[in-house]
Amino acid sequence: MHELSLAQSMVSELVSYIEKNNVKKVHQVTIVIGKLSGAEKEPFEFAFPIAAEGTLLETAELVVEIQKVVILCNECRSETTLDMPLMKCPSCSSRSVKIIKGKEFIIKSMEIE
Amino acid sequence: MCKDCGCQEGNEKKFFGHDRDIHNHDNHHHDHSHEHGHFHDGHWHSHDSDHEHNHPEGHHQHDHSHDNHIHGDSKTVMMEKNILAKNDEYAHQNKHWLKDRGIVAVNIISSPGSGKTTLLEKTLDALKDKINCSVIVGDQSTDNDAKRLMGKCDCVYQIETKSSCHLDAKQISEILPQVVNDNTKLLFIENVGNLICPAAFELGEDFKIVLLSSTEGEDKPVKYPVIFSDASVAIITKTDLIPHLDWDIKKCRNYIRQVNPGMYIFELSSKTGEGMNSWLEYLAKLVE
C-alpha cells in the first residue's frame, strides 16, 4: 500500500509549513486526488492518521476531493470529463486528445490557527 | 552517511560492477535550475511543461463564514502544493544530472512475472560492445535479478525495498554516481513488480515503459489505466506463447489504444528473439 508513503510525504510537507509559520492548530486539510494520480481515496484516508500521529495534524479533519479525468481534443478543441480514462473524443471520435486534468495529487488548502 | 548528500551506505543495497570504495561525490547535484525544453516520453520532443510545479505557498485570508464550525481565529491557507513535492524534487535533480551526462534513463514497470528481467538479459546481451548500459533493479527482497544481469553491462545495482512497494527518486539519487560511468549511455531502471504504486513515483527517468505478457489478461491496460496512460512505450512480451493460449493480441492492442492512443507498442518474445530487432533498433536510436 503506497498510500502510507504518500501520506507520510504529505505530512512532512505540512509539518514544514506548520513549523515555518508557527501554526498553533490545524482544523482541516483539503487535498485533491486525480483519478489518474495513482493514489486512491480510501487507502489514503486510512493511512493519513497513521502518518499524522504525534503531529499537529493528528486532530485535523482530512477532506479528499476527487478530480475526474478531463481531456482536451486536439481536433475539435472540446473538453470532456470522463468516468473511464478512454482517450477518445466523444464529440468527434478523434483519438488525438490530451489529458488536462486527472493527474493531480495536491494539498489544496489547510484551515489553521 | 555522506554529509554532502545524505546517501546511505546501508547493507540493504548490493552493488555489482564497480569497486564501491571508489565512491566519488564530486558529481553530486543538489542545486539545479529547472528548464522545460528537455526531451521525454521516448519521442524526443520538447514538451509544453504540463507537469506539476511547486508554487511558493501563498496564503491569504478567506472571507468564509463559519457556519459549520467554530474555530476562533482560524484561517484557510491555500497551499496548491504537490504532495509528492520532495520526491519530484529528487526526480528533477536525477533527470538533469542524467541529461548533463547524456544518459537516457528508462523506468521499466510491470506486474511480477511479465518478463522484465528476461527482456533485460537478452537486451543487454545484444547491446554488449555497442551501447554502454547500466541497470538499477528494485525488488522487495533478494539480489537474484542483479545476479542474473551481472557481467552483461557496466554496472548492476540491486535495491531491496523491504516493506516498500516501489522505488523512489531519493533512492535513485543516492546511487546514481556509482551506477553510471563516463561512457554510460543508457540506464535501465527495473522497478518493483507492481502495476500500481511505481506509477505514482517519478524517478527522473526520461520515460516509462510498461510490460504486459501474453499470459495476463488482454484488458490489463484498462484495469490499470494509470500506468498505461503514463508510460510512453508498451511491450507485449512472451508472444511465442500466444499460439498456445486463448489470447487475442488485437484485443490487447485495442485496450492499450483506448487508454493511450499514441503509445509505442512493441511485440516480442525474449525467449525466441521474435520482435527483438525493432526494440533494439529503437534503443539504439534513443542514444544516437
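Below or above, wherever it landed, is the structure these notes cover. (Residues numbered from 1 in each chain as written. Chains lettered and ligands numbered in written order. Predicted model: local features only at pLDDT ≥ 70, side-chain atom pairs only at ≥ 80, totals over all residues. Heavy atoms only, no water.)

## Let's talk about the nonpolar core
For step 1, the next point in the chain: Formed by 32 residues in total, the largest nonpolar core has its most connected members in M10, V26, V29, I31, F44, L57 and M110 of chain A.
For step 2, the next point in the chain: Within the residue set of this core, elements represented by two or more residues are α1 (3-20), β1 (26-34), α2 (41-52), β2 (61-67) and β6 (105-112) of chain A together with β2 (75-82) of chain B.
For step 3, the next point in the chain: Here I31 of chain A is in contact with M10, F44, L62, V63, V64, E65, I106, I107 and K108 of chain A together with I83 of chain B, once residues within four sequence places are set aside.
For step 4, the next point in the chain: L127, V156, I235 and W279 of chain B belong to the second-largest nonpolar core, a separate cluster that totals 31 residues. (Core = buried A, V, L, I, M, F, W, Y, C linked by side-chain atoms within 4.5 Å. Buried < 20%, exposed > 50% of the residue type's maximum accessible area, 1.4 Å probe, protein only. Helix = DSSP H or I, 4+ residues; strand = E, 2+ residues; numbered from the N terminus. Contact = heavy atoms within 4.5 Å.)

## A closer look at the packing of aromatic side chains
Residues and elements named next belong to chain B.
For step 1, the next point in the chain: In total, this model carries 6 aromatic pairs over all chains according to the counting rule given.
For step 2, the next point in the chain: For the pair W279 and Y282, a centre-to-centre distance of 6.4 Å together with 20 degrees between the ring planes defines the contact as stacked. Of this pair, W279 and Y282 both sit in helix α8 (residues 276-286), 3 residues apart, which is roughly one turn of the helix.
For step 3, the next point in the chain: Residue classification places Y282 among the buried residues on the basis of a relative accessible area of 10%.
For step 4, the next point in the chain: Among the aromatic residues, those joined into a ring-pair cluster are F207, Y264, F266, W279 and Y282. (Phe/Tyr/Trp six-rings, centres within 6.5 Å; stacked < 30°, edge-to-face > 60°.)

## Some points on the side chain of K220 of chain B
All names here are of chain B.
For step 1, the next point in the chain: Locating K220 in the fold gives a position in helix α5 (residues 220-223).
For step 2, the next point in the chain: Reaching out from K220, the side chain makes a polar contact with the side chain of S111 at a distance of 2.9 Å.
For step 3, the next point in the chain: Excluding anything up to four places from it in sequence, K220 contacts S111, L195, L212 and F228. (Polar contact = N/O pair within 3.5 Å; in protein donor to acceptor, adjacent residues only side chain to side chain.)

## Re helix α7 (residues 249-259) of chain B
All names here are of chain B.
For step 1, the next point in the chain: Among all positions of α7, only I249, C252, I256 and V259 are buried. One face of α7 carries all of its buried residues, which in axial projection span an arc of 90 degrees.
For step 2, the next point in the chain: Its buried side turned inward, α7 meets β7 (207-213), α5, α6 (225-230), β8 (233-237) and β9 (264-267).
For step 3, the next point in the chain: Backbone nitrogen of K250 and a side-chain oxygen of the N-cap are separated by 3.0 Å at the start of α7; the cap is D248. (Arc of directions from axis to C-beta.)

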